[in-house]
Amino acid sequence: MKKVPATVITGFLGAGKTTLIRHVLQNAGGRRLALIINEFGDIGVDADLVRGCNDEACPADRIVELANGCICCTVADDFLPTMQMLLDRDDRPDHIIIETSGLALPKPLIQAFQWPDIRTRATVDGVIAVIDAEAVAAGRFASDEEAIAEARKADPELDHDNPLEELFEDQLICADLVLLNKCDLVDVPALMAVQSRVAASARSEVKAIPVQNGQIDPGVLLGLGVAAEDDLAARPSHHDTEEDHDHEDFDSFVLEAGDIADLNGFAAKLAPIINAHDIFRIKGMVSVAERPVRAVLQGVGPRLQHYFDRPWQPEETRATRLVVIGRHGMDRAAIEAAILKIAC
């Protein structure tokens, strides 16, 4: 029996993975797809955004959400049973797409494809790393190497240990293809600097393609045929020597509120709160007063976007629910108080 190919889509918080997947579903070209979506946080924003995007290509019963922690830490408990369930179906998918959380290491997931019951039936067709070009250009998710070099000259005892940079590099070194997303938000010199930064971490044969809003022919992503599970030695990780990988450097919580009177005004007042508390990512659903459709709000650092995606369903309870992700030890009480104040 032919192995089912699986594409792993990785990338830091807010890079545009879900937008890319929505585009793939809408342009599936007759493929029967299945999705495994892993989120860092307690509510399934990403899974909810892709449901119904293209029911013919990927019906709701082939979308599986793993929300019990980053997939790299729950491989045995969550991922392997999910893969077995999909592969045991009478209508096996033609292709499986796996969206990792923005804080997940890709290598443990690829190693899981060596599990005997998976290895004979599925293969890692390729690992796609999605990069937020604007964020990297601003130095938010990758350290400024020149600044570090200058700091080391001033302080030879400086210990450069940046978990964000390690994640960034681990995702790149595991990738078979890199998408420089949101390239329309940076000028040419900045994009060239991002390309150089990516080239410094990615393997030499890996191509980096500039894209906007995840718009790329799915044929470029699906069908790479690299069998990444057989090539683990070429994908070293900062965490190869660790028995367990955790995310103690990061915290997340869910904030709930009622109707928001003015969505634009709420987003404008939210940006300075994000800056003040160095929030990495904020995302969720917003209930806007007197509007029958729900709003999606997403933020990467202080950069926010929002749009209305679909009507509230009769069985749904209207509410504003946001996942907030930041550094370990962030002042949750202060953040909640500040956001609830502007939500009134």
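Since we're looking at a predicted model, the values are computed, not measured. Position labels on residues start from 1 in each chain and follow its written sequence. Thresholds applied to this predicted model are a pLDDT of at least 70 for local features of residues and 80 or more for the giving and counting of side-chain atom pairs; totals over whole chains, interfaces and linings are not thresholded and use all residues. Side-chain measures here rest on the full set of heavy atoms in the structure, leaving out hydrogens and waters.

So, on to the overall build of the protein chain. Across its full length, the protein chain holds 12 helices and 12 strands. Each residue's exposure class comes from its accessible area (1.4 Å probe, protein chains only) as a fraction of the maximum for that residue type: buried when under 20%, exposed when over 50%, partly exposed otherwise. Classification of the 344 residues of the protein chain by burial places 53% in the buried group. By the convention used here, residues are in contact when the closest approach between their heavy atoms is within 4.5 Å. Considering only contacts in the protein chain between residues 6 or more positions apart, those separated by 24 or more positions represent 80%. With residues, only the protein chains shown are counted as cover, and all accessible areas are computed by Shrake-Rupley using a 1.4 Å probe. Accessible surface computed for the protein chain: about 15,200 Å², of which carbon and sulfur atoms make up 48%. In this description a helix means any DSSP run of H or I spanning at least four residues, a strand means any run of E spanning at least two, and both kinds are numbered starting from the N terminus.

Another aspect to go through is helix α9 (residues 188-201). Expected helix span is taken as 1.5 Å per residue step, with the number of steps being one fewer than the number of residues. The first and last C-alpha atoms of α9 sit 21 Å apart over 14 residues, in line with the 20 Å expected at 1.5 Å per residue. Capping the start of α9, D187 holds a side-chain oxygen 2.9 Å from the backbone nitrogen of A190, two or three residues further along. We define a polar contact as two N or O atoms separated by no more than 3.5 Å, with the added condition that, inside protein, one atom must be a possible hydrogen donor and the other a possible acceptor, whereas residues neighbouring each other in sequence contribute only through side-chain atom pairs.

This part takes up the sheet that holds strand β8 (residues 250-257). Strand pairing in a sheet takes place through backbone hydrogen bonds and is either antiparallel or parallel in direction. In this scheme, strands are said to pair when DSSP sees at least two bridges between them. Reading across from one edge, β8-β12-β9-β10-β11 is the order of the five strands in this open sheet, with antiparallel pairing throughout. Bordering the open sheet on either side are β8 and β11 (303-311), each of which pairs with just one other strand. Pairwise comparison of adjacent strand axes, ignoring direction, gives a mean angle of 15 degrees for this sheet. With six bridges joining them, strand β9 (residues 279-286) and strand β12 (residues 320-327) adopt antiparallel strand pairing. Lines fitted to the C-alpha atoms define the axes, with helices restricted to the stretch that makes contact. Angles between their N-to-C directions range from 0 to 180 degrees.

Any segment with low pLDDT has predicted coordinates that should not be analysed in fine detail. For the protein chain, mean pLDDT is 81; residues scoring 70 or higher make up 79% of the total. Model confidence for the protein chain, summarised as mean pLDDT per element, is weakest for helix α7 (residues 145-154) at 49 and strongest for strand β6 (residues 177-181) at 95. Taken together, the stretch residues 155-161 has pLDDT below 50 and engages in eight contacts with residues farther than four places along the chain or on a different chain. By definition, pLDDT measures how confident the predictor is in each residue, and it falls between 0 and 100.

In this section: unusual backbone geometry. Non-glycine residue N213 carries a positive phi angle of around 55 degrees. For N213, the location among the structural elements is in the loop between β7 (207-210) and α10 (218-221). The residue A227 is not glycine, and still its phi comes out positive at about 50 degrees. In this structure, A227 sits in the loop between α10 and β8.

The salt bridge definition used is simple: a Lys or Arg side-chain nitrogen within 4 Å of an Asp or Glu carboxyl oxygen. All told, the structure shown has 16 salt bridges when counted by the stated rule. One salt bridge in this structure joins D231 and R203, with 3.6 Å as the shortest N-O distance. Here the residue D231 occupies a position in the loop between α10 and β8, and R203 occupies one in the loop between α9 and β7, the gap between them amounting to 28 residues. Residue classification places D231 among the partly exposed positions, given a relative accessible area of 28%. Put simply, D176, R203, E205, D231 and R235 are held in one network by salt bridges that share partners.

Below, the discussion takes up the pairing of β12. Counted residue by residue, β12 has six buried out of eight residues, so it is predominantly covered. Alignment of β8 against β12, held across eight bridges, turns out to be antiparallel. If you follow S252 over to β12, its bridge partner there is I325.

With respect to the helices and strands, the residue N181 is situated in strand β6. Here N213 takes part through its backbone nitrogen, which lies 3.3 Å from a polar atom of the side chain of N181. Setting aside chain neighbours within four positions, we find N181 in contact with A15, G16, V130, I131, D132, A133, V211, Q212, N213 and G214.

What follows concerns the nonpolar core. The term nonpolar core refers to a set of buried residues drawn from Ala, Val, Leu, Ile, Met, Phe, Trp, Tyr and Cys, joined through side-chain atoms within 4.5 Å. Counting residues in hydrophobic clusters, the biggest one holds 23 residues, and the most contacted among them are F79, M83, I96, I98 and F113. Contributing elements (two or more residues each) for this core: β1 (4-10), β2 (33-38), α3 (75-87), β4 (95-99), α4 (106-111) and β5 (122-132). The element best represented in this core is α3, accounting for five residues. Apart from residues lying up to four places away in sequence, I96 is in contact with V4, P5, A6, T7, A34, I36, M83, L86 and L87.

Relative orientation of the contacting elements helix α11 (residues 263-277) and helix α12 (residues 332-343) amounts to 165 degrees, with a least axis distance of 10 Å. Accordingly, the angle class assigned to the pair α11 and α12 is roughly antiparallel. Helix-helix and strand crossings are classified by hand; for α11 and α12 the assignment is right-handed. Residues F266, K269, L270, I273 and H277 of α11 pack against A334, I335, A338, I339, I342 and A343 of α12. Taken together, the residues that form the contact of α11 with α12 break down as nine nonpolar, one polar and one charged. Should an angle lie under 35 degrees it is considered roughly parallel, over 145 roughly antiparallel, and from 65 to 115 roughly perpendicular; all remaining angles are considered oblique. Here a crossing is called left-handed whenever its near helix is offset anticlockwise from the far helix by less than a right angle, and right-handed whenever the offset is clockwise. Under the scheme applied, nonpolar residues are Ala, Val, Leu, Ile, Met, Phe, Trp, Tyr, Cys and Pro; charged residues are Asp, Glu, Lys and Arg; polar residues are all the others, including Gly.

Now for the pairing of β5. Every other side chain in a regular strand lies on the same face of the sheet, so the side chains alternate between the two faces. The buried count for β5 comes to 11 of 11 residues, which makes it a mostly enclosed element. Relative to β5, β1 is paired through seven bridges, and the arrangement is parallel. Bridged to A6 within β5 is V124. As judged from the five bridges shared by β5 and β6, these two strands associate in the parallel manner. Bridge pairing in β6 places V130 opposite L179.

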